[in-house]
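Okay, here's what each chain looks like letter by letter:
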Amino acid sequence: MPGMFIDVEVDAGVASNAELVKKLAEVCAVDIFAAKDDGTLQIVEENLDECVLCDLCIQAAPAGTVRVKKLYER
Amino acid sequence: MRFYEYESKALFARHGMPLGQSRVAGSPEEARAAAQAIGGPTVIKSQVLSGGRMKAGAVLFADTPDEAAKHYETVLPIVVNGETARSVLIEEKSPIAQEYFVSVTWDGRRKLPVVLFSDMGGIDIEEVAETHPEHLSRTHFSTILPLSERVAKEAIGAVGVTGSDLNRLVPIVYKLMQLFLDYDLTLAEINPLAKLEDGRFIVLDGHLDMEAEARGDHKAVLDDLGIGDDETRQARPPTEFELAGARVNAVDHRGVAGNVVEFDGNLGLIIGAGGGSLTLFDAVRKQGGKPANYCEIGGNPSMSKVKNLTKLILSKPGVDKIAVMMNVVSNTRVDIVARGVIKGCIEAGKDPAEVIAIFRIPGAWEDEGFKILAKHGVEYCDRSVSMYEAAGRACAKLEAN
Amino acid sequence: MSILITADTSFIVQGITGREAVNLTRENLDYGAKIIGGVTPGRAGRDIYGVPVYDCVRDIVAKHGQPDGSIVSVPPKFTRDAVFEALENGIKTIVIVTENIPRAQVAQMVELAELRGARIIGPNCLGIISPGEAKMGGVGGPAANTRQAYSKGPIGVMSRSGGMTTEIASTLTGAGLGQSTCVSIGGDAIIGTSYAELMPFFEADPETRAIAIYSEPGGRMEAELAEWVTKNASRLPIVAFMAGRFMDEMKGMRFGHAGTIVEGKEDTTAEKIERMEAAGISVAERIEEIPALIRTKLAEKSVEV
Ligand code: SF4
């Protein structure tokens, strides 16, 4: 479920790449990304609206594979 | 943070300052037993933080243990300046020859601690300062040189005290200076400091106040005295609503959304920061608004902290609308606060457009913030609308209700 | 011209690797500050936005020469030591950002600073900004926000509240009145430099033509300012904004900053306003009245702005 203001979309290839998932979890200051036991991506839904729009997650993955959406812009 | 008299005396005793015998009583039986153990006449004193207990009749004298027990029951229920007594102190009544006054406090202008000493104790010292200035000395002392008895000697000597009185007073004043610095006090006062008929000096009543910032450094002492972290010792005890506000702030360490003070109006306030809150609270009151609360947000609080504060304020009975206002912000983010208040309204089952009277926070990330507010139909304004005008708009909306 | 800092002022950041300090460093550099080094014990060899980090102030002095100032942004427990270190290494202007430092320690820092001929701003403050030249501290936030609120001009600003420093500057800027230097002096009961102690600097600065201050209940600083103005026949008109008027009725309750509490009569806003007005200081009830009040007072003296 998206947040009220922010949603984050991650391509399947990135979400299943343990290396990249670890990186995402590291860069996000408000803990929106976590790794499941098997190393795949868990989006922490209750933290989505804490997103500070720093773009660090976007820079951490291949171009276009992580998208941060402002739901209040549509 | 103020100490009760009995706590102050426990600290005086630790520093070897001379005191009469005393005991705290929690029942008439204990009062009787205390008087019995002390032997002879006693003073029965209500333990309150505010001054004026003498005037309120909450200090009485007893000749016998039975009388002490009776006075206990008289004194305990007396409300002094809106404050009920915590307990009652039974103290030996001593034959007094003369009363002195001594206090150590900070002089914010000189930025130094200062000893005030007078040989006219027992009465209001401000009165002495006005009517008998030559009987009150002010002696500043250094905080980087080793503490010295010289300062005490000069403070006492300056009002003309000499001989054995001077020499007996010096260690008491010196120890008070020590106590002041050791416990990070903002006030250490003995009034009266009594000279007994036999020439000895004892502390009759004392008043200590510890700096709130330093409480963490003196945890051991506070624990010994049984003073818990939740005892704020402000002018009045915190309300349930205020305690809930403190819990909201304690949930995470990102920024501040706290210092909630309860009032009984219908306009909930989410305001900040320190100076901005004071400014806005005045502006609301000046324009006929009735605040339901005071608070301070700042330091870039998390979305959820703002959300929970919003929910708390909306849950307060009698709150019709909230106003969200700050000075121009540079650290706190407009968009994060906007998200927090809107989410808080919705989770409280209210329509943000209805319940938020005005949102006036200009500054960092305001473009994003204003987009969010516009989407939810909330009335907002930028820095071209002053804090005073924004508060006025909120007040007008409530009046139109 | 300006007071305390100019574009040429070199300074260091003590506690530079802390979260707040990293931000500060970034914001100050972006605004044109000359930061020559930073200190965090045990972190020598790192750099923060190109600013080299050392273990001791002494190492910076040895390598880069004497800095003029320092921003101290270390936890309360270590602040006194950091300030002493700056003072013993010849630094003359120290901005203490840290809050919650017990008064006795602030007094010690101020006493040593006096002995060393140095000046402390703060604690619990956002520092100093000379618009268009440099800033030293968190005042104004990110450089872009700072440029929006602050502009160069003839008004000196002093404020016990960091946030209200920016609100006042922004209001002045909006009304076409720029600022020479704005100082967030800190909200604690004991601070390094009071309004009255800053006045001689503004008085000596040819660019400054009027003063705006933000003030609140608690302490004797306004009385001290009123006395200074009267005694020194100041050339500078002063407009004060007084917040926290509601606190006059709420004795013993602490609001806002650590130093903001009404205990005696002299702490009340009513008493402060009376003293300031007696000294010819105009007291505004709303921030937006400040520019017009300043203009009126300057017109009376035939000073152009
Ligand atoms: S933009 Fe920043 S805060 Fe938002 S999800 Fe990405 S890393 Fe986290």
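From a predicted model like this one, the values you see are computed outputs, not experimental measurements.

Next up on the list: the overall build of chain C. Check the secondary structure of chain C and you find 10 helices and 14 strands. Over its C-alpha atoms chain C spans a radius of gyration of 19 Å, differing by no more than 12% from the 19 Å that the globule rule assigns to 305 residues. By principal-axis analysis of the C-alpha atoms, chain C measures approximately 55 × 40 × 30 Å. Considering chain C as a whole, with its 305 residues, one finds that 62% of them fall into the buried category. The contacts of chain C with a sequence gap of at least 6 include a subset with a gap of at least 24, amounting to 72%.

Here we come to the interface of chain A and chain B. Between chain A and chain B, the contact holds 14 residues from the first and 17 residues from the second. For the pair chain A and chain B, the number of links is four salt bridges. A salt bridge links E73(A) to K371(B), with the shortest nitrogen-to-oxygen separation between them at 2.4 Å. The interface formed by chain A and chain B contains nine residue pairs in polar contact (both at pLDDT 80 or more).

For the rest of this paragraph, the subject is the packing of aromatic side chains. Summed over all chains, the structure comprises 12 aromatic pairs over all chains. Aromatic ring contacts, followed pair by pair, group F263(B), F281(B), Y294(B), F246(C) and F255(C) into a single cluster. Of note, K316(B) hangs over the ring of F241(B), and the distance from its end group to the ring centre comes to 5.6 Å. Between the NZ or CZ atom of K135(C) and the centre of the ring of Y31(C), over which it lies, the distance is 6.0 Å.

For chain B, the domain assignment lists domain 1 (21–92), domain 2 (96–224) and domain 3 (240–400). Of note, the centres of domain 1 of chain B and domain 3 of chain B, computed from C-alpha atoms alone, are 47 Å apart.

With that out of the way, let us pick up helix 6 (residues 163–182) of chain B. All names here are of chain B. With 20 residues, helix 6 ought to run about 28 Å at 1.5 Å a step, and its terminal C-alpha atoms sit 29 Å apart, in line with that. L169 marks the point of greatest bend in helix 6, at about 25°, and the proline P171 comes within the next four residues. Along helix 6, the positions that sit buried rather than exposed are D165, L166, L169, V170, I172, V173, Y174, L176, M177, L179 and F180. Among the residues trailing helix 6, D184 stands out with phi positive, at a value near 50°.

Residues and elements named next belong to chain B. With respect to the helices and strands, the residue I270 is situated in strand 12 (residues 267–272). Sequence separation between I270 and I322 is 52 residues, and the spatial gap between their C-alpha atoms is 7.1 Å. Discounting chain neighbours no more than four positions away, the residues touching I270 are C295, I297, L309, T310, I313, I322, A323, V324, M325 and V341.

On to the sheet that holds strand 3 (residues 47–48) of chain C, then. Residues and elements named next belong to chain C. Pairing in this open sheet of seven strands is mixed, and the strands run 3-4-2-1-5-6-7 from one edge to the other. This sheet does not close on itself; its edge strands, each paired only once, are strand 3 and strand 7 (119–121). Note: strand 3 against strand 4 (residues 51–54), two bridges, orientation antiparallel. The residue bridging I48 from the neighbouring strand is V51, located in strand 4.

Right, let's get into empty space enclosed by the protein. Over the atoms, a rolled probe matching the size of one water molecule traces out where space is still vacant. Residue and element names in this part refer to chain A. Taken as a whole and assessed by the stated rule, the structure comprises three cavities of 30 Å³ or more. Size it by volume and the largest cavity reaches roughly 120 Å³. Contributing to the lining of the largest cavity are 15 residues, with C28, F33, C51, C54 and C57 lying nearest its centre. A per-class count over the lining of the largest cavity returns 14 nonpolar, no polar and one charged.

A few words on the interface of chain C and chain B. Across the contact, 56 residues belong to chain C and 44 residues belong to chain B. In total, chain C and chain B occlude about 4,100 Å² of area from one another, counting both sides; carbon and sulfur atoms represent 55% of this. Here chain C is connected to chain B by seven salt bridges. With its nearest N and O atoms 3.2 Å apart, the salt bridge here joins K286(B) to E285(C). The interface formed by chain C and chain B contains 21 residue pairs in polar contact (both at pLDDT 80 or more). Counting only elements with at least two residues in the side of chain C that touches chain B, the list comes to helix 4 (103–115), helix 5 (143–149), helix 6 (162–174), helix 8 (221–232) and strand 13 (238–242) of chain C. The element that contributes the greatest number of residues to the side of chain C that touches chain B is helix 4 of chain C, accounting for eight residues. A class-by-class count of the residues in the side of chain C that touches chain B yields 23 nonpolar, 18 polar and 15 charged.

Next up on the list: the site of the ligand. Residue and element names in this part refer to chain A. The ligand sits among C28, V30, I32, F33, C51, V52, L53, C54, D55 and C57. Among the cavities detected, the one that contains the ligand is the largest cavity. Partitioning the shell around the ligand into residue classes produces nine nonpolar, no polar and one charged.

This part is about the sheet that holds strand 14 (residues 321–326) of chain B. Neighbouring strands of a sheet are bound in pairs by backbone hydrogen bonds; such pairs are parallel or else antiparallel. All names here are of chain B. Strand order in this open sheet of three strands is 12-14-15, and the pairing throughout is parallel. The sheet terminates laterally at strand 12 and strand 15 (356–360), the two strands that pair on one side only. Recorded for the sheet is a direction-independent mean angle of 10° between the axes of neighbouring strands. Two strands pair when backbone bridges link them, and strand 12 and strand 14 are joined in this way by six bridges, in the parallel orientation. Bridge assignment links G272 to a residue of strand 14, and that residue is M326. Taken strand by strand, helix 14 (residues 387–400) contacts strand 12, strand 14 and strand 15, and its axis lies near 175° from that of strand 15.

On to a negative patch on the surface, then. All names here are of chain B. Where like charges cluster on the molecular surface, the negative patch consists of D124, E126, E127 and E130. Counting through the fold element by element, D124 comes out in the loop between strand 6 (112–118) and helix 4 (125–131). Relative accessible area serves as the criterion here: at 45%, D124 is assigned to the partly exposed category.

Conventions and cut-offs
- Residues numbered from 1 in each chain as written.
- Chains lettered and ligands numbered in written order.
- Predicted model: local features only at pLDDT ≥ 70, side-chain atom pairs only at ≥ 80, totals over all residues.
- Heavy atoms only, no water.
- Helix = DSSP H or I, 4+ residues; strand = E, 2+ residues; numbered from the N terminus.
- Rg over C-alpha atoms; globule rule 2.2 N^0.38 Å.
- Buried < 20%, exposed > 50% of the residue type's maximum accessible area, 1.4 Å probe, protein only.
- Contact = heavy atoms within 4.5 Å.
- Salt bridge = Lys/Arg side-chain N within 4 Å of Asp/Glu carboxyl O.
- Polar contact = N/O pair within 3.5 Å; in protein donor to acceptor, adjacent residues only side chain to side chain.
- Phe/Tyr/Trp six-rings, centres within 6.5 Å; stacked < 30°, edge-to-face > 60°.
- Lys NZ or Arg CZ within 6 Å of the ring centre and 35° of its normal.
- Domains from an automatic or database assignment.
- Expected span 1.5 Å × (residues − 1).
- Bend = angle between axes of the 7 residues up to and from the residue.
- Pairing = 2+ DSSP bridges.
- 1 Å grid on protein atoms, 1.4 Å probe; cavity = no way out; pocket = protein on both sides within 12 Å on 5 of 7 lines; lining within 4 Å.
- Points joined across faces, edges and corners; volume = space filled by probe spheres on them.
- Nonpolar A, V, L, I, M, F, W, Y, C, P; charged D, E, K, R; others polar.
- Buried area = accessible area lost by both parts, 1.4 Å probe.
- Near = heavy atom within 4 Å.
- Sits in = over half its atoms within 2 Å of the grid points.
- Axes fitted to C-alpha atoms, helices over the stretch in contact; angles between N-to-C directions.
- Patch = residues over 30% accessible without salt bridge, like charges linked within 9 Å, V, L, I, M, F, W, Y side chains within 5 Å.
- Areas by Shrake-Rupley, 256 points an atom, 1.4 Å probe, with all protein chains shown as cover.
- Lys, Arg positive; Asp, Glu negative; His and termini not counted.
- Charge placed at Lys NZ, Arg CZ, Asp CG, Glu CD.

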